[in-house]
Amino acid sequence: MEESCRRAVALGVPGVAFTEHVDLTPWTIPAEGIATMPAEFRAMIGADGRFHAPAFDVAGYAEAIDRCRVRYPQLTIRSGVELGEPHWHRPQVRDLLAGYPFDRIIGSLHSLVDGTAFLVVDRAFDSQDADQVMRGYLEEARRMVESSDVFEVLGHLDYPLRAWPAQAGPVLPERFEEQFRAVLKALADTGRTLEINTRGPAGPMLLTWWRDCGGQSVSFGSDAHDPAQVASDFAAAAEQAETAGFRPTRGAELWTRG
């Protein structure tokens, strides 16, 4: 966290948000996938044969946030979580959010159900038709938006396109425009915010569709799992948002329709 803050200061970024991943879904990993995992990840395979992400150390996280705020008073430092599949884990999510006053809560989808298996979307492409994965993902994202109100921002809606298999042809988000728009319309109807993730390939299209569906606000995320990625491609994202008719508010932390 501190390295990310130093990077933000060096870039002249006014603030950062640390939205810690909270993945509660136990993922089914094929045997060949387990065999190639680093040892520390293999140790997270439970007795049920599924991968269980480590529990979120809320106390340690809160201490790190406080330390960064003291050491970098020139930055606006927001706390936050990215909840994977919050509509599948209501009791755990409720308890987590009751235990700490997070500034930003993102809802995201990393998994799909395949029979009795929970597959990370990347792995779903190994066993399912690529179009089927994409449409299934967007349908589940719509269900998540419609059935869970615990998050204020919908994260990386074009997430599966990062892992789009080469054998399926070029990445063409517009092939799934109808399904994308269904999710965006459901989100706009709740008055929530769409995240434009700069690692995703569909940013400009999503912005246009979001505006058309009545979306009122966007935020930017660089998915910076490494300090070097802090604010990656934000300038391009800001230009795209402005072209789509959004303008910065709250110190550029949120962009709303102009």
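Up top is the structure these notes are about.
Residues numbered from 1 in each chain as written. Predicted model: local features only at pLDDT ≥ 70, side-chain atom pairs only at ≥ 80, totals over all residues. Heavy atoms only, no water.

Caption draft 1: Summary view of the sheet that holds strand E11 (residues 246-249). With mixed pairing, 8 strands are arranged side by side in an open sheet as E1-E4-E5-E8-E9-E10-E12-E11. In this open sheet, the two strands that pair with only one neighbour each are strand E1 (15-23) and E11. Looking at chain direction, E11 and strand E12 (residues 254-257) are connected through 4 bridges and run antiparallel. Paired with Thr-249 across the strands is Leu-254, a residue of E12. On top of the sheet, helix H4 (residues 58-71) reaches E1 and strand E4 (76-84); it is set at about 155 degrees to E4, its chief contact. Relative to the sheet, helix H5 (residues 90-98) contacts E1, E4 and strand E5 (104-108), its axis offset from that of E4 by approximately 165 degrees. (Pairing = 2+ DSSP bridges. Helix = DSSP H or I, 4+ residues; strand = E, 2+ residues; numbered from the N terminus. Contact = heavy atoms within 4.5 Å. Axes fitted to C-alpha atoms, helices over the stretch in contact; angles between N-to-C directions.)

Caption draft 2: Fine view of helix H7 (residues 130-147). Between the first and last C-alpha of H7 there are 26 Å, a value that for 18 residues agrees with the 26 Å anticipated at 1.5 Å per step. Regarding H7, the residues found buried are Ala-130, Asp-131, Val-133, Met-134, Tyr-137, Leu-138, Glu-140, Ala-141, Met-144 and Val-145. Where the residues of H7 are buried, they touch E5, strand E6 (111-114), helix H6 (121-127), strand E8 (153-154) and helix H8 (177-189). The N-capping residue of H7, defined by a side-chain oxygen 3.1 Å from the backbone nitrogen of Asp-131, is Asp-129. (Expected span 1.5 Å × (residues − 1). Buried < 20%, exposed > 50% of the residue type's maximum accessible area, 1.4 Å probe, protein only. Polar contact = N/O pair within 3.5 Å; in protein donor to acceptor, adjacent residues only side chain to side chain.)

Caption draft 3: Representation of the packing of aromatic side chains within the structure. A complete count under the given rule lists 14 aromatic pairs for this structure. Relative to Trp-209, the ring of Phe-180 lies with its centre 5.6 Å away and its plane at 35 degrees, an arrangement referred to as tilted. Taken together, the residues span a long stretch of sequence, with Phe-180 in helix H8 and Trp-209 in helix H9 (residues 203-212) at a distance of 29 residues. Accessibility assignment for this pair places Phe-180 and Trp-209 in one class, buried. Lying over the aromatic face of Phe-151, Arg-192 brings its terminal NZ or CZ to 4.4 Å of the ring centre. (Phe/Tyr/Trp six-rings, centres within 6.5 Å; stacked < 30°, edge-to-face > 60°. Lys NZ or Arg CZ within 6 Å of the ring centre and 35° of its normal.)

Caption draft 4: Layout of the environment of Val-145. By secondary structure assignment, the location of Val-145 is in helix H7. Separated by 45 residues in the primary sequence, Val-145 and Thr-190 place their C-alpha atoms 8.6 Å from one another.

Caption draft 5: Region of the structure containing the packing of H7 against H8. With their axes 9 Å apart at the nearest point, H7 and H8 run at an angle of 10 degrees to one another. Relative to H8, H7 is oriented roughly parallel. In contact with Met-134, Arg-135, Leu-138, Ala-141, Arg-142, Val-145 and Glu-146 of H7, H8 contributes Gln-179, Phe-180, Ala-182, Val-183, Ala-186 and Leu-187. Taken together, the residues of the contact of H7 with H8 break down into 9 nonpolar, 1 polar and 3 charged. (Parallel < 35°, antiparallel > 145°, perpendicular 65-115°, else oblique. Nonpolar A, V, L, I, M, F, W, Y, C, P; charged D, E, K, R; others polar.)

Caption draft 6: Layout of unusual backbone geometry. Here Ala-231, not a glycine, exhibits a phi torsion of approximately 60 degrees, which is positive. In this structure, Ala-231 sits in the loop between strand E10 (217-221) and helix H10 (234-243). Taking the relative accessible area as the measure of exposure, Ala-231 reaches 17% and is therefore buried.

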